[in-house]
Each structure stands twice: as C-alpha cells, then as structure tokens.
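Topology and contacts: notes
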There are 2 protein chains.
Amino acid sequence: MKIPVLGVGCTKFGELWNMSLADLLAQAQHEALRDADLKPADVDLLVVANMGAEVWSGQAHLGALAADVLGVSAPTMRVEAACASGGAALAAGVMAIMSGAARVVMVSGVEKMTDADPALVTSGLMGACLRDAEYRAGASFASLFALVTRQYFHTYGIGRQHLAAVSVKNHANALNNPLAHLHKKITIDDVLCAPMIADPLSLLDCSPISDGAATIILASPAFLDSGQAGKSLACAHKGVSIIASAQASDTMTIAARPTLTSFAATKTAAARAYAQACITPEMIDVVELHDAFTMAELIALEDLGFCDPGMAAQVFAPFELALCASSVQMGSSDSVRGEEPARQAPGTTRANINPSGGLKAKGHPIGATGVAQAVEVVKFLRNDHQRRYGMTHNMGGIGTSVAVHVFEKDSH
Amino acid sequence: MKIPVLGVGCTKFGELWNMSLADLLAQAQHEALRDADLKPADVDLLVVANMGAEVWSGQAHLGALAADVLGVSAPTMRVEAACASGGAALAAGVMAIMSGAARVVMVSGVEKMTDADPALVTSGLMGACLRDAEYRAGASFASLFALVTRQYFHTYGIGRQHLAAVSVKNHANALNNPLAHLHKKITIDDVLCAPMIADPLSLLDCSPISDGAATIILASPAFLDSGQAGKSLACAHKGVSIIASAQASDTMTIAARPTLTSFAATKTAAARAYAQACITPEMIDVVELHDAFTMAELIALEDLGFCDPGMAAQVFAPFELALCASSVQMGSSDSVRGEEPARQAPGTTRANINPSGGLKAKGHPIGATGVAQAVEVVKFLRNDHQRRYGMTHNMGGIGTSVAVHVFEKDSH
C-alpha cells in the first residue's frame, strides 16, 4: 500500500465560539486544497469524521455539510467510531482510493464541543461506551480511565508522578505548536496539585474539551503517475504516503476484558500495520498517539511495541521521579531538572512521541483528532529530512475501536 | 463490478419497545449469517448505518456495538448520511471489498425511534438539513416536502389524489410483507381524509417513525473463486450480486436549488449506476426507492429514468382519478376499481416499484432503511426466476445525499 498524501490542513484547536461546524470545515478543507494545489472539483469523495454534532449542535449529515461548504456535488459519507472517528474515516478514505472508486479523497474531521452544555458533553461522550451498562451505572470516561489507571499502578508499581511527566512533556511540546488548544507550561507539581477529576486522575491528566477541524487529501498513486492529473496535481504530492492502514475492535464494556493494563485492539491494529508496512517499532521516527488521559499514553507506548509492558513510565520519567519508583528503570538524569520540562529519556525509544502536544495539550475535538494526528505526522515528516517513518494511533471508547496508520516519506 | 451477496437478514419493522439497539442488530446480523452459512469470525469488517442513536438512545459507537453483539474483534465503522445512511454504508462496504482490505463485509443498518420523545425525533431528523437555516426557521421535514409537493403540483397539474394512489399501492404491497410496520389496507379516500400534517401532505402521505435493523453480507469474488472460503462459504452465494454502487450529493438547503421538482443528486447517482452496470432503466425489474413521502416516490421515478418529468403520476393513477387530471395520460381502466387497491398501470414501466411496501408502509427506521431496501431486492430476485435486475434508491435530506445500487441475479 502506498497512498500519496497531497495536502493537509488544520484549524486552531480551542474554544472557537465564533466558528460554526461549517466554518471549521471550510477553513481546514480550503487549507488542504491550497496545500495540494487542487480545486474543490478535483475531489471525488468526501469522508467526514464526527462523533457528536447531532447532540452538541443539532446537526447530522456532516458529509453533505462538507460538500456544501466546498460547493461540490461529490459523494460523501460521515464516519463515526467515537474518539477513533478520525482514524476510521482515514481508513475509509484509504479503502476508497484502493477500491478505485475515487481518485482524490478528502478526509476531514470536525467537532464543536465547547459551546454545548457541559453535562451534555459528558453524557454524549459516554455514548462511546455501552450506554445500558457503564453510563447507567454512573460512570464517566474519566472514572473508567481511573479504574484502568488504578489497575496499572497496582500491577506495575508506578504512581501519579509518572503520569504527571507525560502531561508536562505534552504541554511543553504544545508550546511549539501554534494550533494547540493549551499554551501553558506546567510542572510536575502543577499536575499533582490540580483538582482531582477521578482519583488518581487530576485535571491535568485529562485532555481538554475542544473545537476544531482537520483535513487530509489522499490520491490514487496510479492517477498521479498517469499524468491525467495535470502538472499542478502531479507536482502537488509533497512526498509523504500512507503505507499501512489497520483497525481492530474490542468489547464495548471494560467489564468484559481479561485485563485493563493493555488494550488488545491497539496490539492487533499495530501488528497489522507493522505487517502491512514491513517495518518494526524501532523504525518509527514520530508517533502521534491517543493520550486522552496521561495513562493512555503509557499504555499505548507498550501496546504499540515501543516498550515492554510496565516499562513506559521510564520513557518520560525525570531522574528525580525515577528514584521514587522502585520497579521502574531509571531514565536519563538530564531529562528534567529545574526549569527544564520533562522529555523523553535517552536510550528508551527513538520515536518522537506526540510532538504536537498530543490530545492532552493540543486538544481533543473528537472527530478532528484522528485526522489532525495524521496532519501533524505529515507536517513533521515533510519538515525533518532525517525522519522517514511516522505513525498515528487513534482510540475510541476505552480501547474499544483502534485505528493505526503508518506514513513514509519518499526517499527521493 | 460484481460483488456477491452472501446473506441477508432483516427484523420486523415497527414499534419494537422490547428490543434494544443491540437486540435489533443481533437479530438481523445472525439471520444474515445463517442465510450465508457463515460464522461471526468469518467477517473481516463491520459497517453500521445509523442516523440518530446518540440523540434517541444516548448510544454512539454503533460499529463497535455490532462487533460486540457478534463477539468479534473485527474492524468496524459507523456510517451516517441522514436518511441515506444505509445506502452510504452499503457503498462503503462495496469499497472495502473492492479495495482488498476485506474479504467478507457485514453491512448493517439500525435505528430505534419509537420510544424517544417525539419532539426529539422531529428535531433530530432536521439534523439532516442545514440546522442554522431550515430548522431555525421552524421547518420540519414534512413542511419542506410540502413545499416540494406544491411546486410539483403547480408545475405539472396533478393533485393530492395522485399522491394518494402511491400510498394505497404501497400499503397494499405491505400486506404481503410480514416484516412491514403497517399492515393496513387503505383507500384513496382514507389518504385524502387523513389528518393534514403539512398541506398538501396528510398523515397517509408520510412514512411512519419505526424501529428496525437489516443486514447484508458481501464478499470478494476473488475470495469465493479461490476456494479459500471452504465448501460452505463457496456454496453460500445465493446468486445475486451488486453490479453498481453510486452516490452523489446536493446542497443542504433547498433554498439553494434551481428547482424543487427534481433532485439532481438522484439523477447523477442513477446515471453513474446505469453506466457502471451497463444497463438502462427499461431493464430494471424491481426497484426499492425512497418514498419517505408519497411525492418523493413520483419524483424518484422520474429522476431514476422510469418516466419523463411530470409523468410519474400516471404510473399509479387509477382510471377514475386520471379523468380528473387533465395533464396526465390515462392509466389502464382496470388498475383500481371498487375494492381493488391502486397498482401500477400497464404500459408505463415494467419495474415492480416498492414491492416491500416502501418506506411508507414497510416503515422507515432511518439507518436500517437503505440496507433493508437491498435485502428486499435480493430476496425478490432470488424468489422470482423471471426477474434479473434490481435497484435501490436511498435519499438523505431533501435530495441532499443519494445512493443508488444495482443488483443482478446470476444467469446460471
């Protein structure tokens, strides 16, 4: 598989009260078209990822809305897989190209959450879980992830300070990302002293509620090679392609799982993606992974094969913290000291993890997230000539739906 | 394109208060698996069509729910295109097979509407239109279709009695369909005297609010031919294939259209489907088309190429009524007389139109509708050895999203 990425676009993530769903889509879509040097009429199919616009804005039919915004009559579909909607939409876009049904596919993701009733946001998000079980029992997403965190702490002997390092690192990364929702340098103490949301997860262990949209344009390689594209389209391919697209699912309720410290769907999707791309985890240079909660980043690092089970905490553990965690190998002593933010410890994994700031600090407008991860990886690979392979990991529910994509920069 | 249909399943449509979304999915999915002689583990991808479960049941993530019901960890995606969700999901399933990403795809559609607050149902359905325009202006789906109907009446000189004939015919057809929501023989007078919903559309011009689910299982032809399928799977193909899958879109708001008496998206999707299938409208033996309102059936007949513009009323016009409608050619004198229900007039089109009872009488559980249309066409072709080609036409919004599929029975 080799699906060229022609263009990418992404709005600022944040509290965008002055922009409608249509405004957000328009901005991301037009930016991607300009990046690709394409016109709206060049698009054969629009796929739109969105989780909750019916509930939060009273608007369904987001595929048709995306076409409306561009003024085209192309076929459309809206894809939803809870927080993995963006990854599932990207997978659908890849299938559309591979099938021959479309030469150029525009995959967008959009969500508007910050101006909805907060109770409706929390309740709507619980639609990702088994409504008749977890939601009726009074659980929220944060409380379910708190259960996961408690089992992980119990199993591997780490503590809140190790999660805090993830948050500090992602907030530090977001300072370099002008599109990020949260531009705020934080410390380990800030995380540990933040208001408790669902013990042991504090406010700074949780990703924010955000608005935003992102777009990626894919093309058929045969079409690009055929010369039908015309000069502008043939030139538009900026040198990054999707070389693997894999998904898997798990039970809706965590009550049916043998363990909470690892997500089988991530492992399965990752194994499929590595096989498709013919690479190993060691070859990945950059990964945007699904850190809806700090705990999720550590589990994803293990399930994606970047660390052995129970060892992810050391990747970001500052020296001082590592001393407190008996079961965790020490990270490098220079990773966090004084004013220095937490960052990855040398000798753990070479992959740059969530350089965008991740869901934690870049923000998490649900439908946009999986597409924005792809946008970030494409930009990262384009801008760093030393890096070749990138990965995105997008998760819906508590590890229920997972999509993993691998990107490669052309060697020429 | 030739995508074998391995199995189909469909629940009763109606007020199914004792069945949850999961119950409905389970029944349709297991029936289709039995029909195909497949096990759940044979399914490589689950696609689920649903419009409003977030709003009406608080449940999103329907793809994962469908996998949960089967106890499998296959990739999933939920597809939504308002009332065309089922058709869009079927198109996604076809793409998945064509792409090589999946050998066996299960496409299901499900909706639960009758136990939600009726105001929430009406409001949720308006999510199919441009929320900030039509819904805020106080329009409902019925009132928008009443505008369409008034322009059609004005342009072509027909009246309410011609719409009534559509409803009488579809109710008569539903009497032969044990799965139909409404089993009630009605007369032209019943329709004309029914309570007015949005003038000139009465209650019996509108499809009902229903619960239901439907499933269709598609397979890769290469996989079936390869023998990898094993004997049971190779034998499972019951002789009907999808030979065309086409979609198109139009503006979200009808205010932006040059005319209301025809839907451009239906014309475009139909033209693409006929071209893919290499057939003409005259060759279609059976069509399940999107009669959410009686007016929609007449417009669809014209846009799909079964009649010239303005001539669809004659297809179902009983002799007595035709006398009153100066601009309409007369139907056959034996089409309706005394107790005889309205039916298609000889010499118009040979296609059997909505033999299931259509949305009007079979019912319209939104997400299930487009998939159930396919189920009906497959059953019809399997059971009638004289018939070869079938078509489904599924529409979302007021002609905003349209999916058209063509089915062919194998000649052997």
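Everything below is about the structure shown above.
Rules used in this analysis
- Along each chain, numbering runs from 1 in the same order as the chain's sequence is written.
- Naming scheme: in the order in which they are written, chains are lettered from A and ligands are numbered from 1.
- Two thresholds apply to this predicted model, a pLDDT of at least 70 for residue-level local features and 80 or more for giving and counting side-chain atom pairs, whereas whole-chain, interface and lining totals are computed over all residues.
- Heavy atoms throughout the structure, all of them, feed into the side-chain values; hydrogens and water do not.
- Numbering of helices and strands runs from the N terminus, with a helix taken as a DSSP run of H or I at least four residues long and a strand as a DSSP run of E at least two residues long.
- Put simply, the radius of gyration uses C-alpha atoms, and a globule should come to 2.2 Å times the residue count raised to 0.38.
- Three exposure classes are used, based on accessible area relative to the maximum for each residue type with a 1.4 Å probe and protein chains only: buried under 20%, partly exposed in between, and exposed over 50%.
- Superposition of the copies used a least-squares fit over C-alpha atoms from residues whose pLDDT is at least 70 in both.
- Note on aromatic pairs: the rings of Phe, Tyr and Trp (six-membered ring only in Trp) are paired at centre separations within 6.5 Å, and the planes decide the class, stacked below 30 degrees, edge-to-face beyond 60, tilted for the rest.
- Note on geometry: a ring has a charge over it if NZ (lysine) or CZ (arginine) is within 6 Å of the ring centre and within 35 degrees of the ring normal.
- Within this scheme a cavity is a closed region of a 1 Å grid, computed over the protein atoms alone, that accommodates a 1.4 Å probe without allowing it to escape, whereas a pocket is open but has protein on both sides within 12 Å along at least five of seven lines; lining residues each have an atom within 4 Å of a point.
- Grid points are joined across faces, edges and corners, and a volume is the space filled by probe spheres set on the points.
- Pairs of residues are marked as contacts when any of their non-hydrogen atoms sit within 4.5 Å.
- Comment: axis = line fitted to C-alpha atoms, over the contacting stretch for helices; angle = value between 0 and 180 degrees taken between N-to-C directions.
- Angle categories are assigned with fixed cut-offs, so that under 35 degrees is roughly parallel, over 145 is roughly antiparallel, 65 to 115 is roughly perpendicular, and the rest are oblique.
- The residue classification treats Ala, Val, Leu, Ile, Met, Phe, Trp, Tyr, Cys and Pro as nonpolar and Asp, Glu, Lys and Arg as charged. All others, Gly included, are polar.

With respect to the overall build of chain A
Within chain A, the regular secondary structure consists of 17 helices and twelve strands. In terms of C-alpha radius of gyration, chain A reaches 20 Å, essentially the compact-globule figure of 22 Å for 412 residues. Projecting the C-alpha coordinates of chain A onto the three principal axes gives extents of approximately 60 × 50 × 40 Å. Taking all 412 residues of chain A together, the buried fraction comes to 69%.

As for the relation of the copies chain B and chain A
For the match of chain B to chain A, the screw axis carries a shift of 0.0 Å, the RMSD comes to 0.0 Å, and the turn is 180°. The superposition of one copy onto the other is thereby described by a two-fold rotation axis. For chain B, the smallest separation between a C-alpha atom and the rotation axis is recorded for Ser99(B), amounting to 1.8 Å.

A short note on unusual backbone geometry
Of note, the amide linkage connecting Asp199(A) to Pro200(A) takes the cis form, showing an omega dihedral of 10°. Locating Pro200(A) in the fold gives a position in the loop between β5 (196-198) and β6 (201-202). Not every positive phi belongs to a glycine, and Asn354(A) is a case in point at roughly 55°. Here Asn354(A) lies in the loop between β10 (352-353) and α16 (358-362). Residue Asp37(B) is not a glycine yet carries a positive backbone phi of 60°. Along the chain, the position of Asp37(B) falls in the loop between α1 (21-36) and β2 (45-49).

A short note on the packing of aromatic side chains
All names here are of chain A. Per the stated rule, a full pass over the model turns up six aromatic pairs over all chains. Taken together, a centroid distance of 4.8 Å and an interplanar angle of 55° make the contact between Tyr 152 and Tyr 156 tilted. Of this pair, Tyr 152 and Tyr 156 are both found in helix α7 (residues 141-156), four residues apart, which corresponds to roughly one turn of the helix. In this structure an aromatic cluster arises from ring pairing among Phe 145, Phe 263 and Phe 293. Across the ring face of Phe 13, the terminal group of Lys 362 is positioned such that the distance to the ring centre comes to 4.5 Å.

A look at the layout of surface pockets
All names here are of chain A. Its boundaries defined by the atoms lining it, the largest pocket holds a volume of some 740 Å³. In this structure, the largest pocket is lined by 31 residues; those nearest its centre are Leu 125, Cys 206, Ser 207, Pro 208 and Ile 209. Looking at the lining of the largest pocket, the elements with two or more residues in it are α5 (118-125) and α7. With four residues, the top contributor of residues to the lining of the largest pocket is α5.

Notes on the environment of Ala213(B)
Residues and elements named next belong to chain B. If you trace the backbone, Ala 213 turns up in strand β7 (residues 212-219). Separated by 68 residues in sequence, Ala 213 and Pro 281 place their C-alpha atoms 29 Å apart. Not counting chain neighbours up to four residues away, the residues in contact with Ala 213 comprise Cys 10, Thr 11, Phe 13, Leu 24, Leu 25, Ala 28, Gly 109, Val 110 and Ala 368.

So, the packing of helix α8 (residues 160-174) of chain A against helix α13 (residues 294-303) of chain A
Between two packed helices, both the angle of their axes relative to each other and the distance between the axes serve to describe the pair. Residue and element names in this part refer to chain A. Two elements in contact, α8 and α13, have axes separated by 8 Å at closest approach and are oriented at 95°. Compared by their axis directions, α8 and α13 come out roughly perpendicular. Here Leu 163, Val 166, Ser 167, Lys 169 and Asn 170 of α8 come into contact with α13, specifically with Thr 294, Met 295, Glu 297 and Leu 298. By residue class, the composition of the contact of α8 with α13 is four nonpolar, three polar and two charged.

It is worth stressing that arrangement in space is one thing and function is another; only the former is reported here.
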